[in-house]
Amino acid sequence: MASSTSTAEALVANGAAPPRVGPHPGFISSSNQYSSEIKLRRMLKDNGCDPAREDNYCLQGVQLIENVRDHLQLPVRTFDTACTYFHKFRLNFRDAEYNYQDAALASLFVACKVDDTIKKSRDILAAAYNIKNPDKPLPPDDKIFESPGKVIIGLERLILETIGFDFRTRYPQKLLVKVVRRLLGRSSAQARAFFAAAYAMCIDMYKSFIPIKRTTFTMVMAVVELTARMRASMPDTPPDLVDSIRRFADGHAAGCRHAICETMLDLLDLYVQHHRSTKVGALFDLNSFIDIKIQLNMELDDAAAPRYLFHCSRCEVAEANPLTPISATPPAAAAGSSPGRGTAWPPDATVRRTARGQDGTMRFVFEPESAKKEQETVGSYFREEFDEVEVEVEEPMPPPLERDGAGNGGGGGVGGGGRGGYRGSHRERGDHRWSGPYGGYRGDRSYRGRGRYH
């Protein structure tokens with residue numbers, strides 16, 4: 001095998017200057033607006049996260065963002081942006097590397113800058129402290145917020161690197177208003193009651209990974225249809241409302257029935273498993289969510305469609321590896337469970353954290369196609385090419401005595417002989433005067449002087 005290194009050494013030996021190696025090409029990071037279910041599971045498995053603990057951190061972190069947002073009277077769009085950044089940050093960093101409360105407040109701090117509702121880090125920290133301690137409120141300029149403020153500013157840079165400086169987020173509440181008006185009218189009492197339940201469900205949706213999986217239209221249609229199914233037994237709900245919603249979604253270019261069903265099942269998993277931690281869960285009975293979940297699963301079975309989009313049966317089965325930690329291989333749950341809630345991890349984890357090196361520069365490119373084209377162009381200059389060369393070498397034959405194992409004392413073994421010669425005397429060839437076959441040892445005999453053992 002001859003490589004570029006050997007070529008450079010040959011040039012130096014001949015007196016020619018070796019080729020110059022340019023600077024490190026650096027690393028390219030491109031943002032990703034959407035992620036599939038398999039990718040989310042692989043990222044969580046790669047970080048070695050405990051699913052049950054991650055669910056609690058997710059619910060508590062989103063609830064903290066919502067409480068601080070209400071206390072500071074920030075718009076709901078800032079809440080959507082902060083929750084999206086919070087989920088992406090949790091997927092790229094282990095829970096042992098940061099505190100979920102600091103990550104939630106840092107995500108809200110970045111979201112305030114992105115949506116032009118600028119708040120200082122001390123204001124956000126003071127609001128979180130005053131919510132927890134209403135009897136002893138503190139002003140934002142108190143010295144107690146100096147050290148946590150530095151932590152939030154440090155996490156801000158990590159959040160910006162995680163999202164790839166791509167500040168695009170989805171805002172489903174605006175489209176939700178238009179869809180409800182289109183289906184139920186503008187100022188009727190029925191539309192107002194329906195919109196109140198759908199709006200609360202839209203807030204609960206950010207307590208899961210739905211906002212980083214689905215488009216705005218898919219999220220809105222899933223929320224509207226699930227709200228209509230939950231309110232089907234109420235007298236102010238039209239009997240054919242669910243059919244009207246399905247026809248409206250199917251007639252839209254961005255409508256995908258499979259994606260809408262997956263989003264509704266993710267919401268139902270949230271309401272069934274964390275019934276008391278949501279707003280809509282307290283308004284309806286738990287059996288209603290279970291019945292609707294059964295209906296949707298039957299619809300997918302009739303259509304022979306998998307539970308998740310871009311489903312891979314090979315990655316569905318967990319690998320039986322005894323060295324894998326318990327938190328990375330939870331027991332398999334029933335079909336139709338949501339990500340990270342008791343489901344089996346896929347066998348391999350190919351999604352890694354963004355590679356960073358000390359000899360290269362990290363650059364962020366918004367368009368993945370441009371990043372791929374640039375990597376292909378730069379890779380042609382840094383690619384190492386190898387040539388396979390076959391060389392015939394003649395090996396000298398050993399002398400006849402060493403080859404045949406004959407001779408007296410010519411070999412290196414005890415008792416003379418060559419490589420294949422028998423080492424020992426005639427008494428060690430099964431003589432009857434010895435107790436065992438092939439010269440077995442008898443207690444009254446010794447090998448001393450025979451070259452065996454001393």
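It should be noted that the structure appears before, not after, this text.
Per-chain numbering applies: the sequence of each chain, read as written, is numbered from 1 onward. Since the coordinates come from a predicted model, pLDDT governs what is reported: local features require at least 70, and pairs of side-chain atoms require 80 or more to be given and counted, while whole-chain, interface and lining totals use all residues. Hydrogens and waters are ignored; side-chain quantities use all the structure's heavy atoms.

Draft legend 1. Looking closely at the side chain of lysine 88. Note that lysine 88 resides in helix H4 (residues 76–92). Working definition: with a 1.4 Å probe on protein chains only, accessible area under 20% of the residue-type maximum means buried, over 50% means exposed, and in between means partly exposed. Asp and Glu are treated as the negative residues and Lys and Arg as the positive ones, with His and the ends of the chain left uncounted. We count a salt bridge whenever a side-chain nitrogen from Lys or Arg sits within 4 Å of a carboxyl oxygen from Asp or Glu. No salt bridge is formed by the buried lysine 88; the nearest opposite charge belongs to aspartate 166, separated by 6.5 Å. Numbering goes from the N terminus for both helices and strands, where a helix is a DSSP run of H or I of at least four residues and a strand is a run of E of at least two.

Draft legend 2. Structural context of the packing of H4 against helix H7 (residues 146–162). The interhelical angle for the contact between H4 and H7, taken along N-to-C directions, is 90°, at an axis separation of 9 Å. With respect to H7, the element H4 is oriented roughly perpendicular. Across the interface between the two elements, Tyr85, Lys88, Phe89 and Asn92 from H4 touch Leu155, Leu158, Ile159 and Thr162 from H7. A breakdown of the residues in the contact of H4 with H7 according to their chemical character gives five nonpolar, two polar and one charged. In this analysis, axes come from line fits to C-alpha atoms, helices being fitted only over the stretch in contact, and the angle between any two N-to-C directions falls in the range 0 to 180 degrees. Between 65 and 115 degrees an angle is taken as roughly perpendicular, under 35 as roughly parallel, over 145 as roughly antiparallel, and anywhere else as oblique. Here, two residues are considered to be in contact whenever any of their heavy atoms come within 4.5 Å of each other. Each residue gets one of three labels, nonpolar for Ala, Val, Leu, Ile, Met, Phe, Trp, Tyr, Cys and Pro, charged for Asp, Glu, Lys and Arg, and polar for the others, Gly among them.

Draft legend 3. Inspection of the environment of histidine 258 at higher detail. Residue placement: histidine 258 occurs in helix H12 (residues 257–273). The class for histidine 258 is buried, based on a relative accessible area of 18%. With 42 residues separating them in the primary sequence, histidine 258 and leucine 300 have C-alpha atoms 8.1 Å apart. Here histidine 258 is in contact with Leu300, Ala305, Pro306, Arg307, Tyr308 and Leu309, once residues within four sequence places are set aside. A distance of 2.9 Å separates a polar atom in the side chain of histidine 258 from the backbone oxygen of proline 306. Contacts described as polar in this section are N or O atom pairs within 3.5 Å, which, within protein, must combine one atom able to donate a hydrogen with one able to accept it, while residues neighboring in sequence count only if both atoms come from side chains.

Draft legend 4. A negative patch on the surface, seen in detail. Together, Glu388, Glu390, Glu392 and Glu394 give the surface a local cluster of negative charge. As for its position among the elements, glutamate 388 is in the loop between helix H14 (368–382) and helix H15 (400–404). Judged by its relative accessible area of 67%, glutamate 388 falls in the exposed class. Residues qualify for a patch when their relative accessible area is over 30% and they have no salt bridge, like charges being joined within 9 Å and the nonpolar side chains of Val, Leu, Ile, Met, Phe, Trp and Tyr within 5 Å. All accessibility values rest on the Shrake-Rupley procedure with a 1.4 Å probe; residue burial counts only the protein chains present in the view. To locate a charge, take NZ of a lysine, CZ of an arginine, CG of an aspartate or CD of a glutamate.

Draft legend 5. Structural view of the environment of proline 368. Looking at where proline 368 falls in the secondary structure, it is placed in helix H14. It is 8.4 Å that separates the C-alpha atoms of proline 368 and asparagine 32, two residues lying 336 residues apart in sequence. Sequence-distant contacts of proline 368, defined by excluding residues within four places in its chain, comprise Ser30 and Ser31.

Draft legend 6. Geometry of the pattern of salt bridges. Scanning the model with the defined rule gives 19 salt bridges in all. Lysine 113 serves as the salt-bridge partner of glutamate 156, at 2.9 Å between the closest nitrogen and oxygen. With glutamate 156 in helix H7 and lysine 113 in helix H5 (residues 100–114), this residue pair connects regions lying 43 residues apart in the sequence. Among the residues examined, glutamate 156 registers a relative accessible area of 13% and is labelled buried. Looking at lysine 113, the relative accessible area reads 39%, which means it is partly exposed. Across the pair glutamate 262 and arginine 214 runs a salt bridge whose closest N-O atoms are separated by 3.4 Å. Placement of the pair is glutamate 262 in helix H12 and arginine 214 in the loop between helix H9 (189–204) and helix H10 (216–230), with a sequence separation of 48 residues. With a relative accessible area of 2%, glutamate 262 lands in the buried category. If you follow the salt bridges from partner to partner, you end up with Glu37, Arg41, Lys213, Arg214, Glu262, Asp266, Asp269, Lys293 and Arg307 in one network.

All quantities given are derived from atomic positions and should not be read as evidence of function.
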